[in-house]
Amino acid sequence: MSEGYLIAKKLYAEYGVDTDAAIAKLRDIPVSIHCWQGDDVVGLDGGGAASGGIQTTGNYPGRARNFEELKADIKKAFSLMPGKKRLNLHASYAVLDGERVDRDKYLPKHFEPWVKFAKELGLQGVDFNPTMFSHKNVKDGLTLSSPDENIRKFWIDHCISCLRIAEYFADEFKSACLVNIWIPDGFKDVPADRLTPRLRLKDSLDKILACGYDKSKVTVAVESKVFGIGVESYTVGSNEFYQNYAAKNDICCLLDNGHYHPLEFVSDKIPALLAFYDKVALHVTRGVRWDSDHVVLLEDELKEIAKEIVRNDAVEKVKIGLDYFDASINRLSAWVTGQRAMQKALLYALLINHKELKRVQDMADFTALMVKQEEYKALPFGMVWREYLKSENLAEEYLAEIRNYENIILKERK
Ligand code: RNT
Ligand code: ZN
């Protein structure tokens, strides 16, 4: 153990915090890492650049252009990430090998190569997302809420095929698979009818859930959004719509912290949902003005999110997934920085004596509560973080390694 860590251990002990125990706990909290940071959400099935209100900006060299490159980048990036990892895939990453098959007919076999790869990396499991954007059947910006019955049917069938694939993932890893439903449906300008599209979405979701999937293997979540680029005025899958739908149908809500008004906080929504749900899913991201997908950094709100997970004993209940995409910097650095920021936030939260702070709150001693919370901020958190990295055979410094990979591998991609 380093001298710095020993000092930190002693200081935290004065607050009643066991740093060794915190490190051990952190190692066990899985984070589901999105595959789509590596190729700017383009996918492998020919759908092309992300559409439907999401956009990747920047043209940093080295975007993974195919399955092999994406796997190589994931392997490298994951090797620099501490802790337990899951892989979060989108359906558009099906490995079709030239087969002409559309998204409503995707099968487990189209994801077999991913399972093999995830097993090679020793990952804990795979999570999944139907891809209802970047496709010709997004008609007039609508999918599951489209007035065109054929369009709705296509996307319902896509979601059902995704549930089958998710069951396959769960079987392969003996670990439940989270299937997150997000649709881009909405309108740029003031609609004449806000209800009917929502009733159609409700009916589509009912049909998807009626397919008879195995709930012990698959957790279905619905992800709301306040607005997207080009769909500023109305979002069919709004927060109220999905929270009520999830509650009534016993499925899960997914909270993306880039999907709310800037003064709303997902850290406050997590405990609100924990009062009613046994599971809550997250897309951890960083909203900056109009963008909802900047690389996750160790900011105050991220720490608050982590605190809500840790202090409510909700490590098993809250499914942590990452969701951001930046094409203006080295994409591997984006991946690693965001994943490490999430882990740092969790460690920060694990290094707080929550029991004591709750006691102070219940005594209404808000003076002590404020003072104590501030004291934590100046404790040698970085020393504990470094000790954790060391125990995972990693160092704080990883830029040089990423630069090296960039010079040898990424620069060759034109
Ligand atoms: C979009 C949603 C959605 C996507 C990914 C690619 O606003 O956040 O989760 O980012 O599915
Ligand atoms: Zn999201």
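Quantities reported herein were computed from a predicted structural model and do not represent experimental measurements. (Residues numbered from 1 in each chain as written. Chains lettered and ligands numbered in written order. Predicted model: local features only at pLDDT ≥ 70, side-chain atom pairs only at ≥ 80, totals over all residues. Heavy atoms only, no water.)

Colleague: Where do I start with the site of ligand 1 in this structure?
Modeller: All residues adjacent to ligand 1 are Trp 36, Ile 54, His 90, Trp 182, Glu 223, Lys 225, Asp 256, His 259, His 283, Asp 323 and Phe 325. Glu 223 places a side-chain nitrogen or oxygen 2.7 Å from an oxygen atom of ligand 1. Here His 283 contributes a side-chain N or O atom positioned 3.2 Å from an oxygen atom of ligand 1. Look at ligand 1: alone it shows 310 Å² of surface, and the protein chains cover 99% of it. In terms of residue class, the shell around ligand 1 is made up of four nonpolar, three polar and four charged. (Near = heavy atom within 4 Å. Polar contact = N/O pair within 3.5 Å; in protein donor to acceptor, adjacent residues only side chain to side chain. Areas by Shrake-Rupley, 256 points an atom, 1.4 Å probe, with all protein chains shown as cover. Nonpolar A, V, L, I, M, F, W, Y, C, P; charged D, E, K, R; others polar.)

Colleague: Which parts of the structure should I look at to understand the coordination of the zinc ion (ligand 2)?
Modeller: Binding of the zinc ion (ligand 2) to the protein goes through Glu 223 (OE), Asp 256 (OD), His 283 (ND1) and Asp 323 (OD), at separations of 2.1 to 2.2 Å. Note that the zinc ion (ligand 2) binds six donor atoms; their angles at the metal cover 71 to 173 degrees, and the shape is octahedral. Coordination of the zinc ion (ligand 2) draws on donor residues from a single chain, spaced E-x32-D-x26-H-x39-D in sequence. Here His 283 lies in strand β9 (residues 280–284) and Asp 256 lies in strand β8 (residues 252–256), a separation of 27 residues in the sequence. (Donors = N, O, S within 2.8 Å, 3.2 Å for Na, K, Ca; no water. Tetrahedral: all angles 85-135°; square planar, octahedral: opposite > 155°, others 65-115°. Helix = DSSP H or I, 4+ residues; strand = E, 2+ residues; numbered from the N terminus.)

Colleague: What is the right way to read the confidence of the model for the chain from this model?
Modeller: Close inspection of predicted coordinates is inappropriate for parts of the model with low pLDDT. Per-residue confidence for the chain gives a mean pLDDT of 97; residues scoring 70 or more make up 100%. Highest mean pLDDT in the chain belongs to helix α6 (residues 195–209) (99); lowest belongs to strand β11 (residues 291–294) (94). (pLDDT = per-residue confidence, 0-100.)

Colleague: Honestly, the pairing of β8 in this entry has me stumped. Any pointers?
Modeller: Of all the five residues making up β8, five are buried; the element is thus mostly covered by neighbouring parts of the structure. Taken together, the three bridges between strand β6 (residues 218–223) and β8 define a ladder with parallel strand orientation. When the sheet's bridge partners are listed, Glu 223 is paired in β8 with Leu 254. Alignment of β8 against β9, held across four bridges, turns out to be parallel. Looking at β9, one finds that Leu 254 is bridged to Ala 281. For the crossover that starts at β8, traverses helix α8 (residues 266–274) and ends in the parallel β9, the hand is right-handed. (Buried < 20%, exposed > 50% of the residue type's maximum accessible area, 1.4 Å probe, protein only. Pairing = 2+ DSSP bridges. Right-handed = clockwise from strand over helix to strand, strands pointing away.)

Colleague: Even after reading the chapter, I still don't get a nonpolar patch on the surface, so can you show me in this structure?
Modeller: Taken together, Phe 227, Ile 229 and Trp 290 make up a surface patch of nonpolar side chains, about 290 Å² in accessible area. Summarising the element assignment, Ile 229 is placed in the loop between β6 and β7 (234–235). (Patch = residues over 30% accessible without salt bridge, like charges linked within 9 Å, V, L, I, M, F, W, Y side chains within 5 Å. Salt bridge = Lys/Arg side-chain N within 4 Å of Asp/Glu carboxyl O.)

Colleague: I tried to follow the layout of surface pockets on my own but got confused; where do I start?
Modeller: Over the atoms a probe the size of a water molecule is rolled, and this reveals where empty space is left. In this model, the largest pocket occupies a volume close to 590 Å³. Around the largest pocket, the lining is made up of 31 residues, and of these Asn 257, Gly 258, Arg 286, Gly 287 and Val 288 lie nearest the centre. Of all elements in the fold, only β10 (286–288), β11 and α9 (300–311) reach the threshold of two or more residues within the lining of the largest pocket. No other element matches α9, which puts four residues into the lining of the largest pocket. Broken down by class, the residue content of the lining of the largest pocket amounts to 13 nonpolar, nine polar and nine charged. (1 Å grid on protein atoms, 1.4 Å probe; cavity = no way out; pocket = protein on both sides within 12 Å on 5 of 7 lines; lining within 4 Å. Points joined across faces, edges and corners; volume = space filled by probe spheres on them.)

Colleague: Hey, could you run me through the state of the cysteines in this one?
Modeller: Linking two cysteines covalently through their sulfur atoms gives a disulfide. All told, the structure shown has zero disulfides when counted by the stated rule. No disulfide involves Cys 159; its nearest neighbouring cysteine sulfur is the one of Cys 162, lying 6.1 Å away. You can see Cys 211 has no disulfide; the closest cysteine sulfur is in Cys 159, sitting 9.7 Å from it. (Disulfide = S-S within 2.5 Å.)

Colleague: Looking at this model, I keep getting lost on the nonpolar core. Mind explaining?
Modeller: For soluble globular proteins, nonpolar side chains are generally found buried alongside one another. Within the largest apolar cluster, 133 residues are counted, with the highest numbers of intra-cluster contacts made by Trp 114, Phe 128, Leu 144, Phe 169, Leu 205 and Leu 282. When residues of this core are assigned to their parent elements, the largest contribution, 14 residues, is made by helix α5 (residues 149–173). Look past the residues within four positions of Phe 169 in its chain and what remains in contact with it is Leu 89, Phe 111, Val 115, Val 126, Phe 128, Ser 175 and Cys 177. In terms of nonpolar packing, the next biggest core, distinct from the first, is built from five residues, Leu 178, Ala 221, Cys 252 and Leu 254 among them. (Core = buried A, V, L, I, M, F, W, Y, C linked by side-chain atoms within 4.5 Å. Contact = heavy atoms within 4.5 Å.)

Colleague: How should the environment of Arg 311 be read in this particular structure?
Modeller: Among the structural elements, Arg 311 can be located in helix α9. By relative accessible area, Arg 311 is classed as partly exposed at 25%. In sequence terms Arg 311 and Asp 278 are 33 residues apart; their C-alpha atoms lie 16 Å from each other. Excluding its chain neighbours within four sequence positions, the residues that come into contact with Arg 311 are Glu 304, His 354 and Lys 358.

Colleague: Sorry, what's going on with the pattern of salt bridges here?
Modeller: Close approach of charged atoms allows side chains of opposite charge to pair. Inspection of every chain in the model, using the stated rule, returns 32 salt bridges. Linking Asp 20 and Lys 9 is a salt bridge whose minimum nitrogen-to-oxygen distance equals 2.6 Å. Here the residue Asp 20 occupies a position in helix α2 (residues 19–27), and Lys 9 occupies one in helix α1 (residues 3–13), the gap between them amounting to 11 residues. Judged by relative accessible area, which is 33%, Asp 20 ranks as partly exposed. A salt bridge links Arg 340 to Glu 396, with the shortest nitrogen-to-oxygen separation between them at 4.0 Å. Taken together, the positions of Arg 340 in helix α10 (residues 331–350) and Glu 396 in the loop between α13 (381–391) and α14 (399–408) put the pair 56 residues apart, joining distant regions of the chain. When its relative accessible area of 2% is taken as the criterion, Arg 340 is described as buried. Taking relative accessible area as the criterion, Glu 396 reaches 28% and is therefore assigned partly exposed. Bridged by salt links that share partners, the residues Arg 65, Glu 69, Asp 73 and Arg 413 form one connected network.

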